[in-house]
Amino acid sequence: MTVRSRNRWGWGYEDAVVSDEDAERIASMWGFRPDGLEQPVALEAVRLPASRVAVPPALVDIADASPAARTTHAYGKSYLDVVRGLRGRYDDPPDLVLRPRNEDEVERSLEWASGANVAVIPYGGGTSVVGGVEPRVPERFDGVATLSLAALDQVLEVDPVSRAARIGAGANGPRLEAQLAERGLTMRFYPQSFELSTLGGWIATRAAGHFATGPTRIDDLVESVHAITPSGEWRSRRLPGSGAGPSPDRLLLGSEGTLGVITQAWVRVQPRPERRAGRSVRFPDFMSGADAVRTIVQSGSRPANLRLLDPGEAVGSGAGDGSDAVLVLGFESTGAPVEQELEQALALCREHGGAWADADTSADRRSATSAWRDAFLRMPYVRDALIRLGVMVDTFETAITWERFAPFHEHVLAAAREAIGPSGRVTCRFTHVYADGPAPYYTVVTPVQRGEEAAAWLSFKRAVSDALIAAGGTITHHHAVGRDHRPWYDDQRPAVFAAALKGAKTAVDPHGLLNPGVLID
Ligand SMILES: Cc1cc2nc3c(=O)[nH]c(=O)nc-3n(C[C@H](O)[C@H](O)[C@H](O)COP(=O)(O)OP(=O)(O)OC[C@H]3O[C@@H](n4cnc5c(N)ncnc54)[C@H](O)[C@@H]3O)c2cc1C
């Protein structure tokens, strides 16, 4: 088996990073005239603060304090993470990386950390875009250890009768799907970070896959979770549903590494879909498309894909030419025909001014739909190329009910445009759609002066986050809270709920070792 090397400073694997020539081409395609392509600082040239923690003798087999381990676990994958990684700037790397191979070693790692007064950051694929894995912890700790779950990556058991599988928390998307595919099954959970993000990370952040409707959040797929906390084991019963008080799984979903280390979970799986039908529908403007999307989802229809792209987003992803909004509409099933459902949805699109080309046959492989899917998965690599060219690329996402959507969208767009100035672009798409509202996802692309990245990003982040909260949205629909969204999350949540969460934290993690600064102080 070939072992691929992870890119130290940016997204993905070293062998897939965009070449210098392609990066220049991408810049001119986007119409930017950047000031040269920045080369990443080599690992040998990086100056790291000395590790404050001696490798514990009892954990020597799983501990790694090498510069390679400390740098690759120092950041997630946000815009600013990539800028800092590129420049070789690591102010707060973990002192140590621990890679437990089983639950016993997770338990022993927590015991050691508790005795040594070392904070612990659970780490899955490290794809957090909200500072969720960054070892910025209060000074009261004598050090920080990042606890990587990467070795717990097996599908451990499959129950074909109930259609569920017990899977190690460190399994990333391709690893988990490859093992399930051997049995003709799939978890059918595809976030854009699928290549690297893990089951434990998805549960800890309440991630959302790329299907627009139906069971698309990890919440919908989790049957039971097993976590290890400093106060003991947290294991829920496997049940299809339960009304026995507040759900133990619900509390771990979205716990972001603060309540326990998720080691494995039973998740719902299904046969691989066999039938698919889809079209790309053009709308004269984004709002007519939004009306069509609302009508479709409120009719009870649940398309796998119902992704509305504004004209700028459509051109950026290769699904359109920039003159229309584009709705990527798709149905799939494991056996039942889907053509009729597609026809019904298309009829609703027509009522709102939608138009489409007839053919989307298997011969028409390079349809806008498949172009969009390819671009979707390649986008993180392209983003890093733009960052090397001096361009800030960032995204923010939210959700809002339909009756407030139009003014909300105007308000948020205006705030984003004002924050980045006339040389930047803001585009929007719907990632997920519910009967009572959409989850709009905004992408911002703007040139930034070298050296000014942190200041520019912070002022942009503040402006758009303030706008989301002021207009009644959520600070995040699926990117989680981490350290970066904390002030707005504190505004959004009820004060008594914050107190209840703090009570739960105190019970399971009395010394506050787990991911301090995230969700709860
Ligand atoms: C290019 C890109 C695209 C993305 N697309 C999507 C998307 O489509 N949908 C989406 O929802 N998100 C997306 N994200 C955000 C990110 O991928 C998700 O938050 C993902 O769920 C994180 O998983 P991870 O395994 O990488 O977790 P990490 O980044 O390693 O950790 C994230 C948080 O979870 C905690 N954690 C991780 N593993 C465990 C564990 N086993 N036990 C306890 N706590 C744990 C960490 O402490 C941290 O707080 C994207 C990010 C990038 C960079």
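Throughout this description, residue numbers start from 1 for each chain and increase along the sequence as written. Given that this is a predicted model, residues contribute local features only at a pLDDT of at least 70 and side-chain atom pairs are listed and counted only at 80 or more, while totals for whole chains, interfaces and linings are drawn from all residues. The side-chain quantities take in all heavy atoms of the structure and omit both hydrogens and water.

(A) Here's a closer look at the packing of aromatic side chains. Think of it this way: a Phe, Tyr or Trp ring, Trp meaning its six-membered ring, pairs with another when their centres are within 6.5 Å, and the plane angle makes it stacked under 30 degrees, edge-to-face over 60, tilted otherwise. Under the definition given, this model contains eleven aromatic pairs. An angle of 55° between the planes, with centres 5.1 Å apart, marks the rings of Tyr190 and Phe194 as tilted. Over a ring means this: the NZ of a Lys or the CZ of an Arg is within 6 Å of the ring centre and within 35 degrees of the ring normal. Residue placement shows Arg188 over the ring face of Phe211; its charged tip is 3.6 Å from the ring centre. A cation sits over an aromatic face here: Arg238 above Trp266, 3.8 Å from the ring centre.

(B) Here's a closer look at the pairing of strand E14 (residues 325–333). Classification of residues uses two cut-offs on accessible area relative to the type maximum, computed with a 1.4 Å probe and protein chains only: under 20% is buried, over 50% is exposed, and between them is partly exposed. By definition, any uninterrupted DSSP run of H or I lasting at least four residues is a helix, any uninterrupted run of E lasting at least two residues is a strand, and each is numbered from the N terminus. The buried fraction of E14 is high, at nine of nine residues. By the alternation rule, side chains of E14 split into Ala325, Leu327, Leu329, Phe331 and Ser333 and Val326, Val328, Gly330 and Glu332, which are all buried. Two strands are counted as paired when DSSP detects at least two bridges linking them. Sheet topology note: the strand E12 (residues 275–283)/E14 ladder contains nine bridges and is antiparallel. Along E14, the bridge assignment pairs Ser280 with Val328. Pairing geometry for strand E13 (residues 305–309) and E14, over five bridges, is antiparallel. What sits directly across from Leu306, in E14, is Leu329.

(C) Examining the site of the ligand more closely. The rule for a residue being near a molecule or strand is that one of its heavy atoms must lie within 4 Å of it. Residues in close proximity to the ligand total 35 residues, the closest being Pro122, Gly124, Thr127, Ser193 and Thr198. In protein, a polar contact means a hydrogen-donor-capable atom and an acceptor-capable atom, both N or O and within 3.5 Å, with residues adjacent in sequence counting only if both atoms are side-chain atoms; elsewhere, any N or O pair within 3.5 Å suffices. In the model, an oxygen atom of the ligand is placed 3.3 Å from a nitrogen or oxygen of the Gly132 main chain. Within the backbone of Ala208, an N or O atom sits 2.8 Å from a nitrogen atom of the ligand. In short, Shrake-Rupley with a 1.4 Å probe defines the accessible areas, and a residue's cover is counted only from the protein chains shown. Compared with its free state, where it exposes 960 Å², the ligand has 96% of that area covered by protein. Contributing elements (two or more residues each) for the shell around the ligand: strand E3 (118–123), helix H6 (199–205) and strand E10 (261–268). Here the element with the most residues in the shell around the ligand is H6; it accounts for five residues.

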